Amino acid sequence: MRALLAFTGSRGDAQPGILLARALRARGHDVTLALAPNLVAFARDHGVPAVPFGCDTADLLDAQRCDHRFAGRNPRARLRALFELQRRGVPEQLEDLRTLAPTHDLVVAGMAGEEVAESVARALGLPFAAVHFFPIQPNSAVAVVPMRWAARLPGFAHRWGWSVLARARASALAPVVPPRPRTASPAAGADARPAPATTRIQAYDPRLFPGVRRQLPGPFTGFMTDVDGFLTGAPCSVSPTHAHGAARSTAASAAFPTSAAPPRSSALTLDSWLDAGTAPIYVGFGSMDVGDPAAFVAMAREVCARRGRRLLLASGWASIAAEFTDGVAITGQVDHAQVLPRCVAAVHHGGAGTTAAALRAGVPQVICSVQADQPYWGQALQRLGLAATMPANKLTGERLDALLDQVARPDVVRRAATYAATVAVDGVERATDAIEALVGTSATAEFYSAGRQL
């Protein structure tokens, strides 16, 4: 099987694609892993070949952060800005995937860029799988507005709201994403193009969203977590400040410097720091914007000092200098599987990957959401008594202190530990099974085995 995996977005979006590519390659399949240009070297540093497609992730994040319309009071201006952001980088993604896809038997994509990848797959008649890290398809089980009051709305209101969001997304992309091609019915004759098989892999724990398993077809695989530490602590090989404006071709990927994994001494330093004192509070926001990094670090320091706790801060993409002192450790990336079980609490943005790692570690969480699916994770875990949550833009030292008080309660600590014992760890393998089954049940690969043209 020749599989094209297209996972655009931030590091949190890319990591499941890297793990999935690794699993498919281990089973003997040929895999082309396509990532945002600034994350190609990250995959290659871990022995997974990758090629660039689309635009630099940091460029898209910068575009959102710098567009004053998002912070304005004019709803029409905000809507126009949102639609423009949805279309940004799509032509480049289409161009790259149209070049890559014809030599493959199926296409797999994450939630970011799903419509683009499916458009290319359908045009070629290839099977398509989307990996959903969150229940984004229309359903009545998940409140469409991630607020506590919205959970009291009737189910049909949620389903209607998700349908409206799906139509709005399709409308935003309509000018740049080709419409679905028509497929012939079986009665059209032996030369008719068969309808390609399609699936949406639900790569999360459905228990966090009661009722969703009965409403979405699945398959449900559980979180695609880095169980064996394959991506252990390696820093993102290209920071947002280095990768702007890179070319999209494979040859141009050499323009992205490949940084080596952190020296062993750095890992020992962190291990020694963890061994040298009490369990710290972990703080990490991945690729999300933390505003003023200096002010953010100062707030975290003050809160942890006031609580008599050490601070372990993973700076991610933020420009924060590394540091190791008795009470504070600041580093680029950490191995969540190794570090989080040694922490007393985890403060983070609520990305699906970090949320899953903290659940598996059994550590109480404070989710300070920034965008996308993050507030939904915060509400879901808070509802189950596993976390406290607040939008990151409303966070202050006093509020963070209060949130940490909530998750330090013995009942929250006990529930987090109990839940950890039930978290599935075979999500990557089960997703790999689903992809293999998709090709195995589709006649499309055989139909196009003689050659494809877009």
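Parameters and conventions
Residues numbered from 1 in each chain as written. Predicted model: local features only at pLDDT ≥ 70, side-chain atom pairs only at ≥ 80, totals over all residues. Heavy atoms only, no water. Pairing = 2+ DSSP bridges. Helix = DSSP H or I, 4+ residues; strand = E, 2+ residues; numbered from the N terminus. Contact = heavy atoms within 4.5 Å. Axes fitted to C-alpha atoms, helices over the stretch in contact; angles between N-to-C directions. Salt bridge = Lys/Arg side-chain N within 4 Å of Asp/Glu carboxyl O. Buried < 20%, exposed > 50% of the residue type's maximum accessible area, 1.4 Å probe, protein only. Polar contact = N/O pair within 3.5 Å; in protein donor to acceptor, adjacent residues only side chain to side chain. Right-handed = clockwise from strand over helix to strand, strands pointing away.

## Notes on the sheet that holds strand β1 (residues 2–7)
Here's step 1: Here we have 6 strands laid out as an open sheet, ordered β3-β2-β1-β4-β5-β6, and parallel in their pairing. Each edge of the sheet is formed by a strand with only one pairing partner; in this case those strands are β3 (51–52) and β6 (198–202).
Here's step 2: Sheet topology places strand β4 (residues 106–110) next to strand β5 (residues 128–132); 4 bridges connect them, and they run parallel. What sits directly across from A109, in β5, is A130.
Here's step 3: Sitting on the sheet, helix α6 (residues 114–124) touches β4, β5 and β6, and the angle it makes with β5 is about 170 degrees.
Here's step 4: The strands touched by helix α16 (residues 427–440) are β4, β5 and β6; relative to β6, the strand with the most contacts, the crossing angle is about 175 degrees.

## A word on the pattern of salt bridges
Here's step 1: Throughout the structure, instances matching the rule amount to 18 salt bridges.
Here's step 2: For R2, the salt bridge identified is with D105, shortest N-O distance 2.8 Å. Residue R2 is found in strand β1, and its partner D105 is found in the loop between α5 (90–100) and β4; the two are separated by 103 residues along the sequence.
Here's step 3: R207 is the salt-bridge partner of D205, the closest N and O atoms lying 2.7 Å from each other.
Here's step 4: Residues joined in a network through salt bridges with shared partners are E302, R306, R307, D401 and D405.

## Side note on the side chain of N38
Here's step 1: Locating N38 in the fold gives a position in the loop between β2 (30–35) and α2 (40–45).
Here's step 2: Taking relative accessible area as the criterion, N38 reaches 0% and is therefore assigned buried.
Here's step 3: Looking at N38, its side chain comes within polar contact range of the side chain of D56, at 3.5 Å.

## Let's talk about the pairing of strand β11 (residues 345–348)
Here's step 1: The alternating pattern of β11 places A345 and V347 and A346 and H348 on opposite faces, both of which are buried.
Here's step 2: Judged from the 4 bridges that link them, strand β7 (residues 281–284) and β11 form a sheet pairing that is parallel. Its bridge partner being in β11, I281 is matched across the sheet by A345.
Here's step 3: Two elements, β11 and strand β12 (residues 365–369), share 3 bridges in a ladder whose sense is parallel. Within the sheet, the bridge partner assigned to A346 lies in β12 and is Q365.
Here's step 4: The β-α-β motif built from β11, the intervening helix α12 (residues 352–361) and the parallel element β12 has right-handed crossover chirality.

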